[in-house]
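Analysis of the macromolecular model
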Amino acid sequence: MRGLLLLAAGILGVALYRNSIRIPERNPKNMLIKRGDSPISPNDISNFRLISPAFEPGQVIPARYSGEADDKSPPLRIEGVPVGTQSFAIIMEDIDHPLPPVFDHWIVWNIPAETREIPEGRLPRGSVQGRNSLKNNWYNGPCPPNGTHHYHFNLFALDTMIDLPVGSPKPLLKAAMKGHILAQCDLIGLYSANRTTRGNLMSNALEAASKA
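Residues numbered from 1 in each chain as written. Predicted model: local features only at pLDDT ≥ 70, side-chain atom pairs only at ≥ 80, totals over all residues. Heavy atoms only, no water.

1. Things to note about the pairing of strand β8 (residues 148-158)
Of all the eleven residues making up β8, ten are buried; the element is thus mostly covered by neighbouring parts of the structure. Relative to β8, strand β4 (residues 87-94) runs antiparallel, the two sharing eight bridges. Each residue of the ladder has a partner; that of Asp-94, found in β8, is Tyr-151. With eleven bridges joining them, β8 and strand β9 (residues 181-192) adopt antiparallel strand pairing. In the sheet register, Phe-156 faces β9, and the bridge partner there is Gln-184. (Buried < 20%, exposed > 50% of the residue type's maximum accessible area, 1.4 Å probe, protein only. Helix = DSSP H or I, 4+ residues; strand = E, 2+ residues; numbered from the N terminus. Pairing = 2+ DSSP bridges.)

In structure tokens:
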């Protein structure tokens, strides 16, 4: 009886852990491109995508863009921009973080509509950055505490500019974007934990706690 109870507890623990890290669906094609909620959303958004010269979709993000290095954002390229786009926003999230909610690494909006290339470690003039989960108003690269994590670079094409101050958190950005999203696409990169990332994670956690 005791053995059965221990087995049941173990199964329940695994189930809760899998739920807490939000394991993604195994068919990412269904989540790469989505129509938005704007009343002028175009019918055809099949060519809208975000890519990076630094890594292929679903492949490993180079260490130079991680928390192990200088926290430089990777170079990005925007293609197939929907008609009517007035600005872009980017939300980069770690959906596998063991402690919910989703861990935010990068929050950016008011990227100019004419932008097609975002250079490494830089943003186009006029872009505004929000507060991530480390309480920073800039990009913080992957630094997972365990296993291999999926990092989603969500790109939103908007029919407006966003009127929010620097340092606004993700919930405020999402509220401001509501009803203005023409289309959304998703670039996924991977990064795995190692001794360095675990050490940096502890350092980042202590730094974030000191800012709280």
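2. So, the sheet that holds β8
Overall, antiparallel pairing links the six strands, which are arranged β1-β9-β8-β4-β5-β7 in an open sheet. The outermost strands of the open sheet, each flanked by one partner alone, are β1 (33-35) and β7 (128-129). Relative to β7, strand β5 (residues 103-112) runs antiparallel, the two being bridged by two bridges. Looking at the pairing, Val-108 lines up with Gln-129 of β7. Sheet strands touched by helix α2 (residues 170-177): β4, β5, β8 and β9. Its angle to β4, the strand with the most contacts, is close to 140°. (Contact = heavy atoms within 4.5 Å. Axes fitted to C-alpha atoms, helices over the stretch in contact; angles between N-to-C directions.)

3. Side note on the nonpolar core
Counting 25 residues, the largest nonpolar core has Phe-48, Leu-50, Ile-90, Trp-106, Phe-153 and Leu-155 as its most contacted members. Put simply, the parts of the chain that give this core at least two residues each are β3 (76-79), β4, β5, β8 and β9. By residue number, the principal contributor to this core is β9, which donates five residues. Ile-107, Val-128, Leu-158 and Ile-162 belong to the second-largest nonpolar core, a separate cluster that totals twelve residues. (Core = buried A, V, L, I, M, F, W, Y, C linked by side-chain atoms within 4.5 Å.)

4. Describing the sheet that holds strand β2 (residues 49-51)
If you trace the three strands from one edge of the open sheet to the other, you get β2-β3-β6, paired in antiparallel fashion. Where the open sheet ends on each side, the last strands, each with one partner, are β2 and β6 (117-118). The sheet contact formed by β3 and β6 spans two bridges and is antiparallel. The residue of β6 that forms the bridge with Arg-77 is Glu-117.

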